[in-house]
Amino acid sequence: MAELQLRGVEKTYGNGFKAVHGINLDVAEGEFMVLVGPSGCAKSTTLRMIAGLETITGGEVKIGEQVVNELVPGRRGIAMVFQNYALYPHMKVRRNLSFGLKLKRKPKAEIETATEEVSGILEIEQLLDRLPKQLSGGQAQRVALGRALIKHPEVFLFDEPLSNLDAKLRASMRVRITDLHKRLRDEGRPATVVYVTHDQVEAMTMGDRICVMKDGHIMQVADPTTLYERPANDFVAGFIGMPEMNLVKCVLTHDGALPVLTAGTQKITVAEGLAGRLSAQEGPVTLGIRPQHLQVVAPGTEGAFTGTVSNIEFLGHEVNLHVEVEGAQFVVVVPSAELDKKIGRGDQVGLRPLGASIHIFDAESGVNVSLPAD
Amino acid sequence: MAAFSYLPKHSGSGEREAPTQLEIKLRRKARINAALRYFLLAAVGLVMVYPLIWLIGASFKTNSEMFSSPGFWPKNPTIQGYIDGWQTSTPYTFGRFFLNSLWIIIPKTIGTAISCTLVAYGFARFEFPGKKILFASVIATLLLPNVVTRIPQYLLFRDLGWLNTFLPLWVPSALAGDAFFVFMVIQFLRAIPRDMEEAARVDGANTLQTLVFIVVPMLMPALISVCLFQFMWTMNDFLGPLIYLSSVDKYPVSLALKLSIDTTEAFAWNQILAMSVLALAPSLAVFFMAQKYFIEGISTGGVKG
Ligand SMILES: Nc1ncnc2c1ncn2[C@@H]1O[C@H](COP(=O)(O)OP(=O)(O)OP(=O)(O)O)[C@@H](O)[C@H]1O
Ligand SMILES: [Mg+2]
């Protein structure tokens, strides 16, 4: 129902620690934005500043047309779902749901209808007369979700809401939340969502767009496909994708028609599609190849690295092959059916990048220099 | 191979039916141990409660029997002590003194609960300039012997014209003057996560609403302990009323008991003891009524904090 804007938002904690370094972020009306990043990168801090639970020490936060920096949480038109549910322990589920509306002095009938509607959507009708301590984790999280939903907020804020649930429940809650988001959109009251997680599966499956953070800086904001296919820097490249992208120190030289990458004593030529974008680049770089984009070939093949198999992980339909190339570790994902059964630990294999699927990052800044300029 | 795996199974099931010699021995030892432990505990417990039992028994004795027989069981049980004691040697009955006690205790206890909650909430949840120094001084008053402040306090209340009123007994507590209680509630609050309060703020509650609707219900066990302690200590407080109350019609039970010693030439011990028993009753009753919450309150406040 409203867009959310962060303009140069900073946070310096009372002890002088600067957690957030002037971030800019636009979340469109009805958009599902995921904040993701390693532990301690200030995702929660950012979210709590939007919520008003943490003071903003620089920049401004706008919800709709209004700068909310100085507003108390209750007046920002937000609702928040906490990691450990934060249900009011002494209130029955029904009162937990209606507490916010009661504070706003909504008429009784309206509160009742709203409670019924929300508990219907979340299938918690039979839990309404229980206390929070009588709920399972999944049920408690649904109640917490209901408590947010019932207020029809402009912006929903989630702080790792699923991380206390087991894997199976997490998967079903994930679907429930995205379904709910779609449903609200279809009903013509789209909800703007900011969703914090450190789980990249959650991020990739739920987010319309994903904001990758590191140490209080935003590394990239993009939709999941872009993030995966065109990471802006080596951090995003390494953070998104399973298993992690192989990142190897190389030297880039231009002798002859095509640029050449040298890792240790081994050289490979860069595929033609990429060559044009690299003409300005030379010297030390980081080569990034996803494990899925490497092909196992005979050792010594032209245009391939040669290394020793150090470990083989069988995962069912595919196999993770760990290969050591002159001290650098590569992981290759090979479909089980295609793997040569004779390959074992200690064997020599060749690894060839598939076509133009490699990324080249500047060794110092980490910026991806191999992206098409568009 | 088959026989081998069969063997232990056989002996295992045999064991369950008939305990071995060793097992019987161990079991007997455990039983003796337990008996010994309980005997010791009961003996020590009895030593502790004996004065109380004696007190109750003696309150039914006649004054002449009091010191002539050492046992606690009265030979000729009589409630004369209660009847005479209740009448007192003053124009008032003991009922008056009980009412006075209540009239001191109830406002004081309510005041303590409210003020301690407010102060503890402030210290536990908010940052404000000078917080460290203020908190340190609260703790410092906790360490200060009560006696030290008696005289300055007396002078202060005299200048305010509060002598011979209940105000000096009420007001300090209603202004969170009992640092121990503040400290206890703070420790309890620290163990409660802030999430619920934050959720309430997001739900639109202001600070006071958060305190009343969210924090206080979660604090209940601690607050009940505070009220109980305050009730019992005030009931037993002797020095406070002694210093500030001068007219007999304002005397609480604790002073009235002393009164009956003062005014009778030959002490009517049976009356005194009978009234002591009555004086104990409210504290005991309140304690047993709230025992469950009380113990919960102390243990969570102490352990988690
Ligand atoms: N009250 C505080 N005072 C000082 N520093 C803090 C405070 N709260 C958090 N920090 C610091 O700010 C940084 C960001 O913390 P934050 O909780 O936002 O991380 P996060 O991204 O949510 O991590 P996680 O995934 O572990 O939840 C951390 O380095 C943390 O140590
Ligand atoms: Mg966090």
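### Looking at the pairing of strand E2 (residues 18-27) of chain A
Moving on, step 1. Where strand E1 (residues 4-12) of chain A lies against E2(A), six bridges are found, and the strand directions are antiparallel. The residue of E2(A) that forms the bridge with Val9(A) is Ile23(A).

### Quick look at the domain arrangement of chain A
Moving on, step 1. Here chain A is described as being made up of domain 1 (4-229) and domain 2 (243-362).
Moving on, step 2. Computed from C-alpha atoms alone, the centre-to-centre distance between domain 1 of chain A and domain 2 of chain A is 41 Å.

### Observations regarding the confidence of the model for chain B
All names here are of chain B.
Moving on, step 1. On average, residues of chain B carry a pLDDT of 85, and 89% of them reach 70 or more.
Moving on, step 2. Note on residues 1-15: pLDDT is under 50 here. Beyond four places in sequence and across chains, it has one contact.
Moving on, step 3. Segment residues 301-305: pLDDT under 50, and six contacts once partners within four positions in sequence are set aside and those in other chains are kept.
Moving on, step 4. For this predicted complex, the interface confidence comes out at an ipTM of 0.88, alongside a pTM of 0.84.

### Topic: the environment of Val72(A)
Residues and elements named next belong to chain A.
Moving on, step 1. In this structure, Val72 sits in the loop between strand E5 (66-67) and strand E6 (78-81).
Moving on, step 2. On the basis of relative accessibility, which here comes to 47%, the residue Val72 falls in the partly exposed class.
Moving on, step 3. The sequence separation of Val72 and Ala51 amounts to 21 residues, and the corresponding C-alpha distance is 8.5 Å.

### Concerning empty space enclosed by the protein
Moving on, step 1. With the rule as written, the count across this model stands at six cavities of 30 Å³ or more.
Moving on, step 2. What the largest cavity holds in volume is close to 80 Å³.
Moving on, step 3. Forming the boundary of the largest cavity are Phe32(A), Leu145(A), Leu149(A), Phe156(A), Phe158(A), Ile177(A), Leu180(A), His181(A), Leu184(A), Ala191(A) and Val193(A).
Moving on, step 4. Listing elements by their share of the lining of the largest cavity, those giving two or more residues are helix H4 (137-149), strand E7 (155-159) and helix H5 (167-186) of chain A.
Moving on, step 5. Take the lining of the largest cavity: its biggest share by element is four residues, from H5(A).
Moving on, step 6. Roughly 60 Å³ of internal volume is contained in the second largest cavity.
Moving on, step 7. In terms of lining residues, the second largest cavity is bounded by Ser101(B), Ile104(B), Ile105(B), Lys108(B), Leu169(B), Thr234(B), Met235(B), Asp237(B), Pro241(B), Pro252(B) and Ser254(B).
Moving on, step 8. Where the lining of the second largest cavity is concerned, the elements lending two or more residues are helix H4 (94-125) and helix H10 (207-236) of chain B.
Moving on, step 9. With four residues, the top contributor of residues to the lining of the second largest cavity is H4(B).

### Examining the packing of H4(B) against helix H7 (residues 167-174) of chain B
All names here are of chain B.
Moving on, step 1. Across the interface, H4 lies against H7 with an axial gap of 7 Å and an inter-helix angle of 15 degrees. In terms of their interaxial angle, H4 and H7 are classed as roughly parallel. Crossing hand, H4 versus H7: right-handed. Every residue of H7 that contacts H4 at Trp103, Ile104, Pro107, Lys108, Gly111, Thr112 and Ser115 is listed here: Leu169, Trp170, Ser173 and Ala174.

### Some points on the sheet that holds strand E12 (residues 259-263) of chain A
All names here are of chain A.
Moving on, step 1. A sheet is described by the order of its strands in space; here five strands give the open sequence E13-E12-E11-E14-E20, paired in antiparallel fashion. Either end of the sheet is taken by a strand with one partner, and the two such strands are strand E13 (266-269) and strand E20 (359-362). Averaged over neighbouring strand pairs, the angle between their axes works out to 40 degrees when direction is ignored.
Moving on, step 2. Pairing between strand E11 (residues 246-254) and strand E14 (residues 283-289): seven bridges, direction antiparallel. Its bridge partner being in E14, Asn246 is matched across the sheet by Ile289.

Reading guide: rules and limits
- Residues numbered from 1 in each chain as written.
- Chains lettered and ligands numbered in written order.
- Predicted model: local features only at pLDDT ≥ 70, side-chain atom pairs only at ≥ 80, totals over all residues.
- Heavy atoms only, no water.
- Pairing = 2+ DSSP bridges.
- Helix = DSSP H or I, 4+ residues; strand = E, 2+ residues; numbered from the N terminus.
- Domains from an automatic or database assignment.
- pLDDT = per-residue confidence, 0-100.
- Contact = heavy atoms within 4.5 Å.
- Buried < 20%, exposed > 50% of the residue type's maximum accessible area, 1.4 Å probe, protein only.
- 1 Å grid on protein atoms, 1.4 Å probe; cavity = no way out; pocket = protein on both sides within 12 Å on 5 of 7 lines; lining within 4 Å.
- Points joined across faces, edges and corners; volume = space filled by probe spheres on them.
- Axes fitted to C-alpha atoms, helices over the stretch in contact; angles between N-to-C directions.
- Parallel < 35°, antiparallel > 145°, perpendicular 65-115°, else oblique.
- Left-handed = near helix turned anticlockwise from the far one by under 90°.

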